[in-house]
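Now for the letters of each chain:
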Amino acid sequence: MKSLKRRRLRTGAIVALGVVLLLGGLFFSLRNVILRNVLDSRIRSYEATHAGDVLRVGTARFSGLAAIDLENIQVFAAVRDLAATVKKCSVEIDFLKMLRGRLRLKRLALRDVILDLSREDLPGPLPTGSSDAGVTAPPRTAPGPAPDFGARGARLLDLYFSLIPDSLEIERLTLHSFFGDVRQGLYFPRLDIRGSAFETKLEVFDQGAKWVYLLAGEIAREERRLQLRLLPRERSGPAVLPFVERLWGLKVDFDSLAFGLHSRGRQDGVLRLDGLLAVSGLVLNHPSLAAEDVHFQNASIDYALRIGADSIELDKATEISFNRLTFHPYIKFQPGPAAQLTLKLDKTEFKADDFFGSLPAGLFAELAGLQTSGDLAYHLDFYIDFSRPEALRLASGLEKRGFAISRFGRVDFTAVNAPFLHTVFEEDQAPRPFMVGPENPDFRSLEEIPPFLKSAVMISEDGAFFRHRGFLLEPFKESIAANLRQKRFVRGASTISMQLVKNLFLKRQKTIARKLEEMIITW
């Protein structure tokens, strides 16, 4: 009886094994057909949910046990802002992990990738004197549910760390862009990342110029941690971003760039991200920033980022280091429905010479070389609801203790206490210098100016001139609110003291650097 049962079990096992082998053989012989059908079904589903988009895959076939080769992939967006073609894509899956129900890419190889990005300028306002009568307004659609930024960020990070392959190889990547009137092309001959710790050479060709970088990093999937480092190869000069310069007119050079990210997951609906962003030898240049290159020697942000359902917050645990200065800001931004921004910096004390010694070269030309002693302390409390800019909150102050200037730099600001020769610059041109003092026949002392004229100037420019020490916060608040309402610069906030500093020591360029330097010299 027992022998009969054993024979039946053995027979059943053989039959089961035969069925498995038969099904396996059947699948193996038909797997490319099955793959094609599944792929076509996915393509139809994608195009049905993305009206107007086009997705095409030429050939698709298995290669080995767990590898798939796709050729002639084409993607075209309906709004014509994205087009992509891939000559060949090879994907290899970790077969053992797949059997345990976990999808893990073992290898991803791309060859001859071409990306075309474009964005046409949006139509401007109607010309003056024209009418919008007869123009049909687009139909209003009911607003959908507000996005949960924390949940969306967590999903993207989970997708990234779960799907990033152990080996990534890209041969011949070409990027074309057409934004407005700016056309650009970047070419990367090869990008090779193998293993959790990697180091690869990155070559970039753009309009006849060539840059060679070293890209190194580490990806710890289980720990949800990423580290990247980018620096130019020896003798190839600083790293540059030509794309940014031609698109926005911002020149960016740097000697090295490091980025770190550690996802600590979501707790109570808040995504917690920690990491580091550090740059050395950074050089910036933009007409709105300064008249010459601005040099930042060393800067880093050891950040603690918190992303909630409707807000993005930089926690006070964040540490920003800049040359010899270190501080801990708090920043919170709520995008909508009414955007709100909060900036806070608790009173932070530092050596006065550390502050002036940390000012970037090229940003504050007239303060270069200034040496000081004593201590400074700065605090800031700023909040604005962009739907009600007139109700913004602003409290700011730079306090000093034992502060003294031991040596002036490029400019001796005490020269105005005696007669001096002054040169007026108009568009970087100096028409003629003239003497300020009794030697000038047109000079008038304060006592010689009629009281009514003094009052008229104060009423027009600075009514509280005798009651402040160079600054008034209330006009700053009113200026910010007015400029935001008009969405352009329509009102300033300079006191008479600040205007004097601008006219005596600074040029007339409307740059951020000139305004900041004006404020520091006035202080």
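Residues numbered from 1 in each chain as written. Predicted model: local features only at pLDDT ≥ 70, side-chain atom pairs only at ≥ 80, totals over all residues. Heavy atoms only, no water.

Draft legend 1. View of the packing of aromatic side chains. Tallied over the full model, the rule gives five aromatic pairs. Here phenylalanine 350 and phenylalanine 355 contribute two aromatic rings whose centre-to-centre distance is 5.9 Å and whose plane-to-plane angle is 25°, an arrangement assigned as stacked. Comparing phenylalanine 350 with phenylalanine 355 shows no difference in burial state: the two are buried. Between the aromatic rings of phenylalanine 356 and phenylalanine 403, the centroid separation amounts to 6.2 Å while the plane-to-plane angle is 35°, which identifies the pairing as tilted. Taken together, the positions of phenylalanine 356 in helix H5 (residues 352–358) and phenylalanine 403 in strand S21 (residues 393–407) put the pair 47 residues apart, joining distant regions of the chain. When its relative accessible area of 22% is taken as the criterion, phenylalanine 403 is described as partly exposed. Three or more aromatic residues link up through ring pairs in this structure, and these residues are Phe350, Phe355, Phe356 and Phe403. (Phe/Tyr/Trp six-rings, centres within 6.5 Å; stacked < 30°, edge-to-face > 60°. Buried < 20%, exposed > 50% of the residue type's maximum accessible area, 1.4 Å probe, protein only. Helix = DSSP H or I, 4+ residues; strand = E, 2+ residues; numbered from the N terminus.)

Draft legend 2. Main features of the side chain of threonine 318. With respect to the helices, strands and loops of the structure, threonine 318 is situated in the loop between strand S15 (312–314) and strand S16 (319–322). Among the polar contacts listed, one links the side chain of threonine 318 to the backbone nitrogen of alanine 304, at a separation of 3.0 Å. Setting aside residues no more than four positions away along its own chain, threonine 318 makes contact with Ile301, Asp302, Tyr303, Ala304, Phe327, His328 and Pro329. (Polar contact = N/O pair within 3.5 Å; in protein donor to acceptor, adjacent residues only side chain to side chain. Contact = heavy atoms within 4.5 Å.)

Draft legend 3. Focus on the environment of glycine 265. Checked against the element boundaries, glycine 265 lands in strand S12 (residues 256–267). Since its relative accessible area comes to 24%, glycine 265 is described here as partly exposed. A sequence separation of 41 residues divides glycine 265 from arginine 224, and the C-alpha atoms of the two residues are 8.7 Å apart. Ignoring sequence-local partners within four residues, the contact set of glycine 265 consists of Val270, Leu271 and Arg272.

Draft legend 4. Looking closely at the pattern of salt bridges. All chains considered together, the criterion is met by 24 salt bridges. Here glutamate 71 ties to arginine 61 by a salt bridge, and the two come within 2.9 Å at their closest N and O atoms. Of this pair, glutamate 71 sits in strand S2 (residues 67–76) while arginine 61 sits in strand S1 (residues 54–62), and the two are 10 residues apart along the sequence. Residues arginine 306 and aspartate 274 are paired through a salt bridge, measuring 3.2 Å at the closest nitrogen-oxygen approach. Here aspartate 274 lies in strand S13 (residues 270–285) and arginine 306 lies in strand S14 (residues 294–307), a separation of 32 residues in the sequence. (Salt bridge = Lys/Arg side-chain N within 4 Å of Asp/Glu carboxyl O.)

Draft legend 5. Local environment of the nonpolar core. In terms of nonpolar packing, the biggest core is built from 70 residues, with Tyr213, Phe355 and Leu367 touching the most fellow members. No other element matches S13, which puts five residues into this core. Apart from the residues within four sequence positions on either side, tyrosine 213 is in contact with Thr200, Lys201, Leu202, Val204, Leu230, Leu231, Pro232, Arg233, Ala239 and Val240. Counting residues in each nonpolar core, the second largest holds six residues, with Ile384, Leu392, Phe476 and Met498 among its members. (Core = buried A, V, L, I, M, F, W, Y, C linked by side-chain atoms within 4.5 Å.)

Draft legend 6. Highlighting a nonpolar patch on the surface. A contiguous nonpolar surface patch, about 300 Å² in accessible area, is contributed by Ile312, Phe333, Phe386 and Leu484. Take isoleucine 312: it is sitting in strand S15. Residue class for isoleucine 312 comes out partly exposed when judged on its relative accessible area of 34%. (Patch = residues over 30% accessible without salt bridge, like charges linked within 9 Å, V, L, I, M, F, W, Y side chains within 5 Å. Areas by Shrake-Rupley, 256 points an atom, 1.4 Å probe, with all protein chains shown as cover.)

Draft legend 7. Expanded view of helix H3 (residues 149–163). End to end, H3 covers 21 Å across 15 residues, agreeing with the expected 21 Å (1.5 Å per residue, within 8%). Within the sequence span of H3, burial applies to Gly150, Ala151, Gly153, Ala154, Leu157 and Phe161. Mapping the buried residues of H3 onto a view down its axis gives an arc of 160°, with all of them on the same face. Facing away from the buried side of H3, by more than 90 degrees, are the exposed residues Arg155 and Leu156. Buried residues along H3 sit in contact with strand S8 (209–220), strand S9 (225–232), S12, S13 and S14. Between a side-chain oxygen at the N-terminus of H3 and the backbone nitrogen of glycine 150 the separation is 3.2 Å; the capping residue is aspartate 148. (Expected span 1.5 Å × (residues − 1). Arc of directions from axis to C-beta.)

Draft legend 8. Highlighting unusual backbone geometry. Residue aspartate 112 is not a glycine yet carries a positive backbone phi of 55°. Among the residues examined, aspartate 112 registers a relative accessible area of 25% and is labelled partly exposed. Not every positive phi belongs to a glycine, and asparagine 323 is a case in point at roughly 50°. Relative to the elements of secondary structure, asparagine 323 occurs in the loop between S16 and strand S17 (325–327). Asparagine 323 sits in the partly exposed class, given a relative accessible area of 31%.

Draft legend 9. The confidence of the model for the chain, seen in detail. Mean pLDDT over the chain works out to 77, with 78% of the residues at or above the 70 mark. Note on residues 121–141: pLDDT is under 50 here. Beyond four places in sequence and across chains, it has three contacts. (pLDDT = per-residue confidence, 0-100.)

Draft legend 10. Quick look at the side chain of aspartate 375. Topologically, aspartate 375 is positioned in strand S20 (residues 371–385). If we ignore the near neighbours within four places in the chain, the residues touching aspartate 375 are Phe350, Lys351, Ala352, Glu399, Lys400 and Arg401.

Draft legend 11. Quick peek at the pairing of S9. When S8 meets S9, the two strands line up antiparallel, connected through eight bridges. Of the residues in S9, the one forming a bridge with leucine 214 is leucine 231. As consecutive antiparallel partners, S8 and S9 are separated by four residues, and within that stretch arginine 224 has a phi angle of approximately 55°, a positive value. Pairing of S9 with S12 involves six bridges; the strand directions are antiparallel. Looking at S12, one finds that arginine 229 is bridged to alanine 258. (Pairing = 2+ DSSP bridges.)

Draft legend 12. Structural detail: the environment of valine 79. Turning to its location among the elements, valine 79 is positioned in the loop between S2 and strand S3 (82–93). Taking C-alpha positions, valine 79 is 9.7 Å from serine 118, a pair spaced 39 residues apart along the chain.

Draft legend 13. Region of interest: the environment of valine 252. Residue placement: valine 252 occurs in strand S11 (residues 251–254). On the basis of relative accessibility, which here comes to 11%, the residue valine 252 falls in the buried class. In the structure, valine 252 is positioned 14 residues away from proline 238 in sequence and 9.6 Å away in space, judged by C-alpha atoms.

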